[in-house]
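# Examination of the molecular architecture
Chain by chain, the residues run as shown.
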Amino acid sequence: MSIERCKIIDLPKIHDPRGNLTSIEGGVHIPFDIQRVYYLYDVPGGSERGGHAHKELQQLIVAMSGSFDVLLDDGRKKKRYHLNRSYSGLYVCPMIWRELDNFSSGSVCMVLASSHYDESDYFRDYQQFLNAAGVL
Ligand code: TYD
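Calculation rules
- Every residue gets a number counted from 1 within its own chain, in the order that chain's sequence is written.
- pLDDT decides what is reported in this predicted model: residues at 70 or higher carry local features, side-chain atom pairs at 80 or more are listed and counted, and totals for whole chains, interfaces and linings draw on all residues regardless.
- The side-chain values count all of the structure's non-hydrogen atoms but skip hydrogen atoms and water molecules.
- A pair of strands is treated as paired once DSSP finds two or more bridges between them.
- Numbering of helices and strands runs from the N terminus; a helix is a DSSP stretch of H or I covering at least four residues, while a strand is a stretch of E covering at least two.
- Angles run from 0 to 180 degrees between N-to-C directions of axes, and those axes are lines fitted to C-alpha atoms, restricted for helices to the stretch in contact.
- Side-chain atoms within 4.5 Å are what join buried Ala, Val, Leu, Ile, Met, Phe, Trp, Tyr and Cys residues into a set we call a nonpolar core.
- Relative accessibility thresholds used throughout: buried, under 20% of the residue-type maximum; exposed, over 50%; partly exposed, between the two (1.4 Å probe, protein chains only).
- Contact definition: two residues touch when any of their heavy atoms are within 4.5 Å.

## Description of the sheet that holds strand E11 (residues 108-113)
Read across the sheet, five strands follow the order E1-E9-E6-E11-E4 without closing on themselves; strand pairing throughout is antiparallel. Each end of this open sheet is capped by a strand with a single partner; those strands are strand E1 (7-10) and strand E4 (36-40). When strand polarity is set aside, the average angle formed by the axes of neighbouring strands in this sheet is 25 degrees. Bridge count between strand E6 (residues 59-65) and E11: six bridges; the pairing is antiparallel. Bridging across to E11, Val62 finds its partner in Met110.

Written out as structure tokens, the structure is:
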């Protein structure tokens, strides 16, 4: 699928002197129902995460604290995003290879996902991903 379908989604931000609030409703603010939430934390400096693509899974990636980079790749085109706001998320459509790096100290990466964890939905081999994407 084309990398052009991936985009930054600005989430609602309710300003309040007591502290700001952001909510995310599946099917409303993001184009899928949320079946799973997971987060990366205590990431050592210099670590890289990701390094795979999903056949069907859709995701929204949010920097809840700190910052990191997400490199997206549809087999033809690559795009790097720097995430550092808890009120904006990166929507990642199916069939996109992703790599996460440049984690700042104390950063937390939250991912909202359209399905439960399913290892058979992964491409963990880049060449197999390119084959399936019709690039090779
Ligand atoms: P992986 O998806 O490779 O992590 P990342 O893309 O962030 O580098 O998953 C790492 C391990 O965690 C792998 O053994 C599968 C397991 N895992 C789950 O059990 N449930 C989940 O929801 C996720 C995302 C991973």
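## Some thoughts on the nonpolar core
Judged by nonpolar contacts, the single largest core of 28 residues is most densely connected at Leu60, Ile61, Phe68 and Leu72. Elements represented by at least two residues in this core include exactly E6, strand E7 (68-73), strand E8 (78-83), strand E9 (88-92) and E11. If we ignore the near neighbours within four places in the chain, the residues touching Leu72 are Ile3, Cys6, Lys77, Lys78, Lys79, Tyr81, Leu90, Val92, Ile96, Trp97 and Arg98. Judged by nonpolar contacts, the second largest core, of six residues, contains Ala53, Phe123, Phe129 and Leu130.

Fair warning: the whole summary comes from geometry, so function is off the table for now.
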